[in-house]
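# Working through the structure, step by step
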Amino acid sequence: MNIDDHILLWKAASIQVFDIRYTRMQNDEQLSSYRVPTSCFLYAIKGKADLLLDSKAYKIESFYIMHVGKGSYLQISAVEDSLEYYLILYKATLPLPHRKSLLALWEREKPFQLQYVFQVSNVLTLQEKIETMHREWLKQGNLAHFYVKSLFYQSVYEFLQQLHQQQVIVQQPDLVEQIQNYIEEYYSQQITRESLAKVLNYSVPHIAKQFKQKTGRSIIDYLIQIRIQKAQHLLIHTTSSLQEIASSVGYEDVSYFIRIFKKYSGQTPMQFKQQRGQKKSYRPMYRLSLSNDKKWIRHYNDNDNHYHYKQKGDLPMNKKTKSSMMATLLLCFTLLLSACSGNAINTSNSGETKASANQSTEVQATTKIVSTVNGDVEIPVDPKRIVTDHYPGFLLTLGIKPVGTQELYMKSPYLKEHNEGITYFEDSLEAVVDLKPDLIITGDEKKYEAFVKIAPTVLIPFTLEMGATLEKFSRILDKEDEVKTWLDDYNQRVAKARQTVQDIIGKDKTVTIFAGGAKDDITLYGNGYTGRSFYDGLGMTPPTKVLEEIDPEKPWLQLSPELLTEYVGDYIFMAVDKATETYDYKNEPVWKTLDAVQNDQIFEIDGWSFWFSDPISILGQIEEVTEMLVQHAKEK
């Protein structure tokens, strides 16, 4: 990178110091695979050690400075005697407004991702500045932190001056290698291209393009490959259930896991397990680490004004074994008691025997066992007081009004006529208890354990599509006929709406869904969230660029206005807060150049109304868009 460009970008950047830490490591210590949460300088003041930065080896000693980009993996080992160093973490952004040429240079050079290391001169002056920065940072006051920022700029001036004088070679980190390392470390967690871009401080299109060029495949394909490989290993070498294995490799929905496994392996998980079991002996493993035994020292969130530390441990494969074993023991104990009771009954009179049998029949008639992602759950056959957090719209679709829910999910304008008689409990468990539910249906895995202490609870993952969620409700509540009737009506109405829309806009026209209005940050939607009613519901066609760039598992992108022309279709639907917002797109610098705006084929929809994903709301959204297009066609 040209040093003048480097200095220019430092001059233009807005800097926020994120953290300053002093660390002393003994010769028997090491820092293992620490992913740097922001750009940082590491300044060694004493000792020697080997350092691994994204698989590149360095040796550092006293008065060495190293710059590390956000998302890089840092490992320190082979400490001689001891190693003392300061870690200065900072965040750099390009403030608005800025010149396009500067933005292009920023995106091309990525100065705050660069990696370099060299030994500094004028040691005493620099060390005094850094020690003062650390001391003032610990005071945690606004004035002290302002002083830290001024000292940081002075220190960076020293670094850049010596970088120039020593003609130090700077390197961009291997982005594709960073992505692969991250996926192999965190495959069991929710990973999307957006989350990777945020971790590595790049745009989504950039990381997608770089990864595809180097590997010949998409990031999501690589993630799925890693997950399937891990699942195959677990199927062969553990006795874990299919649900446990699916969860361990990042899939909470077992049915989706089976489909994706078969797509990539050519056979179902059980077929794979049986086939491999015939070819090789089985050797059980009592514990399998899913994090490659890499311990992280500290973990930060992305809030600029707050950070926290969290120790990350291994994720054992037998995490649900305890509850499964307790269920088995309970079943055995019940059978034993039944056997004992049977012997006692044989010695008593026949009247008592008939009474016991009748009582048993009554109990069996009022409860049933349903299979869920958390195992078998006993629930009432005909629950009268159902409480749900995320799913009031699904219950109302089946003609069931919950006694309590969270108010947020009843704010859909398409559900407003059903509000009467429902109590809102928000996040209060006490309020749920007061409702005296006989069944709780939740979409929040974190609250499941608390809910089961109140009433029988069924967890339905909130990530399922509408049809899959309805199917689970129909099975749990014995409403198969009601669901079929509703879906038949839904499909007829949607088919009619699709035909109407197609007649108006034509088969070959493309449609793009945005949110944010004529602002600096625009959200682009794929076939999910606000976009689901357009693409999945009305069968509209997104531009090719949207299909290529949008991640199906997290279908949205953040765009700057300059990129709009790459994604825009013949028609645009813009989600805004219709109560307070509307925009004159024909007078906006970027927007007025778009064909959809010039042809009066841009429509504003209420973003809040299109946020809801229950069946009644989705049907309402589809018919609202259809009517909007019909009215527009009449006016033209």
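See the structure above.
Report follows, based on the coordinates.

## Notes on a nonpolar patch on the surface
Taken together, the side chains of L408, W608 and W611 make up a nonpolar region of the molecular surface, amounting to roughly 280 Å² of accessible area. Inspection of the secondary structure puts W608 in the loop between β19 (602–606) and α23 (615–635).

## A short note on the sheet that holds strand β16 (residues 522–525)
Sheet strands pair via backbone hydrogen bonds, and the direction of the pair is either parallel or antiparallel. Pairing is mixed in the open sheet, where 5 strands are placed in the order β17-β16-β15-β18-β19. One side of each edge strand has no neighbouring strand; the edge strands of this open sheet are β17 (556–559) and β19. If you compare each strand with its neighbour and ignore which way they point, the axes differ by 30° on average. As defined by bridge partners, β16 adjoins β17 across 4 bridges and the pair is classed as antiparallel. Paired with Y525 across the strands is W556, a residue of β17.

## Structural notes on helix α5 (residues 175–186)
With 12 residues, α5 ought to run about 16 Å at 1.5 Å a step, and its terminal C-alpha atoms sit 16 Å apart, in line with that. Looking at α5, one finds that the buried residues are L175, V176, Q178, I179, Y182, I183, E185 and Y186. Looking at the buried positions of α5, the neighbouring elements they touch are β2 (31–35), β6 (73–93), α6 (193–200), α7 (204–215) and α8 (219–237).

## Describing the environment of K578
Along the chain, K578 falls in the loop between β18 (571–576) and α22 (595–598). On the basis of relative accessible area, K578 is assigned to the partly exposed category, the value being 45%. In this structure, the C-alpha to C-alpha distance between K578 and S609, residues 31 residues apart in sequence, is 9.7 Å. Residues within four places of K578 in sequence aside, it is in contact with E604, I605 and D606. A polar side-chain atom of K578 sits 3.3 Å from the main-chain carbonyl oxygen of E604.

## Some thoughts on the pattern of salt bridges
Inspection of the entire model under this criterion finds 15 salt bridges. Its salt-bridge partner being E84, residue R24 comes within 3.5 Å of it at the nearest N-O pair. Linking R24 in strand β1 (residues 14–26) with E84 in strand β6, this pair joins segments that are 60 residues apart in sequence. Judged by its relative accessible area of 45%, R24 falls in the partly exposed class. For E84, a relative accessible area of 12% corresponds to the buried category. A salt bridge links E566 to K545, with the nearest nitrogen and oxygen atoms 3.7 Å apart. Taken together, the positions of E566 in helix α21 (residues 564–567) and K545 in helix α20 (residues 544–549) put the pair 21 residues apart, joining distant regions of the chain. Here the salt bridges do not stand alone but share partners, grouping R193, K545, E549 and E566 into one network.

## Things to note about the packing of aromatic side chains
By the definition in use, this model includes 36 aromatic pairs. Note on Y409 and F462: the rings are 6.0 Å apart at their centroids and 85° apart in plane angle, and the pair reads as edge-to-face. In this pair, Y409 sits in the loop between β11 (404–405) and β12 (423–424) while F462 sits in the loop between β14 (457–459) and α17 (466–476), placing the two residues 53 residues apart along the sequence. Judged by its relative accessible area of 12%, Y409 is buried. Residue F462 is classed as partly exposed on the basis of its relative accessible area of 37%. Aromatic side chains W608 and F612 sit 5.0 Å apart centroid to centroid with 85° between the ring planes, which places their arrangement in the edge-to-face category. Residue W608 is classed as partly exposed on the basis of its relative accessible area of 39%. By relative accessible area, F612 is classed as buried at 2%. Counting every residue linked through ring pairs, the aromatic cluster contains Y391, F394, Y409, F462, F473, W608, W611 and F612. Positioned above the aromatic ring of Y251 is the side chain of R227, whose terminal nitrogen or guanidinium carbon lies 4.9 Å from the ring centre.

## Some words on the packing of α6 against α7
Two packed helices can be described by the angle between their axes and the distance between those axes. Where α6 meets α7, the closest approach of the two axes is 9 Å, and the angle between their N-to-C directions is 100°. By the criterion of interaxial angle, the relationship of α6 to α7 is roughly perpendicular. Contacts between α6 and α7 pair R193, E194, L196 and A197 from the former with V204, I207 and A208 from the latter. Residue composition of the contact of α6 with α7, by class: 5 nonpolar, no polar and 2 charged.

## A look at the packing of helix α18 (residues 480–505) against α23
With their axes 10 Å apart at the nearest point, α18 and α23 run at an angle of 25° to one another. What the angle tells us is that α18 and α23 run roughly parallel. Between α18 and α23 the crossing geometry is left-handed. Touching W486, Y490, R493, V494, A497, T500, V501, I504 and I505 of α18 are P615, I616, I618, L619, I622, E623, T626, L629, V630 and A633, all from α23. Grouping the amino acids of the contact of α18 with α23 by side-chain chemistry returns 15 nonpolar, 2 polar and 2 charged.

Parameters at a glance
Residues numbered from 1 in each chain as written. Predicted model: local features only at pLDDT ≥ 70, side-chain atom pairs only at ≥ 80, totals over all residues. Heavy atoms only, no water. Patch = residues over 30% accessible without salt bridge, like charges linked within 9 Å, V, L, I, M, F, W, Y side chains within 5 Å. Areas by Shrake-Rupley, 256 points an atom, 1.4 Å probe, with all protein chains shown as cover. Salt bridge = Lys/Arg side-chain N within 4 Å of Asp/Glu carboxyl O. Helix = DSSP H or I, 4+ residues; strand = E, 2+ residues; numbered from the N terminus. Pairing = 2+ DSSP bridges. Axes fitted to C-alpha atoms, helices over the stretch in contact; angles between N-to-C directions. Expected span 1.5 Å × (residues − 1). Buried < 20%, exposed > 50% of the residue type's maximum accessible area, 1.4 Å probe, protein only. Contact = heavy atoms within 4.5 Å. Polar contact = N/O pair within 3.5 Å; in protein donor to acceptor, adjacent residues only side chain to side chain. Phe/Tyr/Trp six-rings, centres within 6.5 Å; stacked < 30°, edge-to-face > 60°. Lys NZ or Arg CZ within 6 Å of the ring centre and 35° of its normal. Parallel < 35°, antiparallel > 145°, perpendicular 65-115°, else oblique. Nonpolar A, V, L, I, M, F, W, Y, C, P; charged D, E, K, R; others polar. Left-handed = near helix turned anticlockwise from the far one by under 90°.

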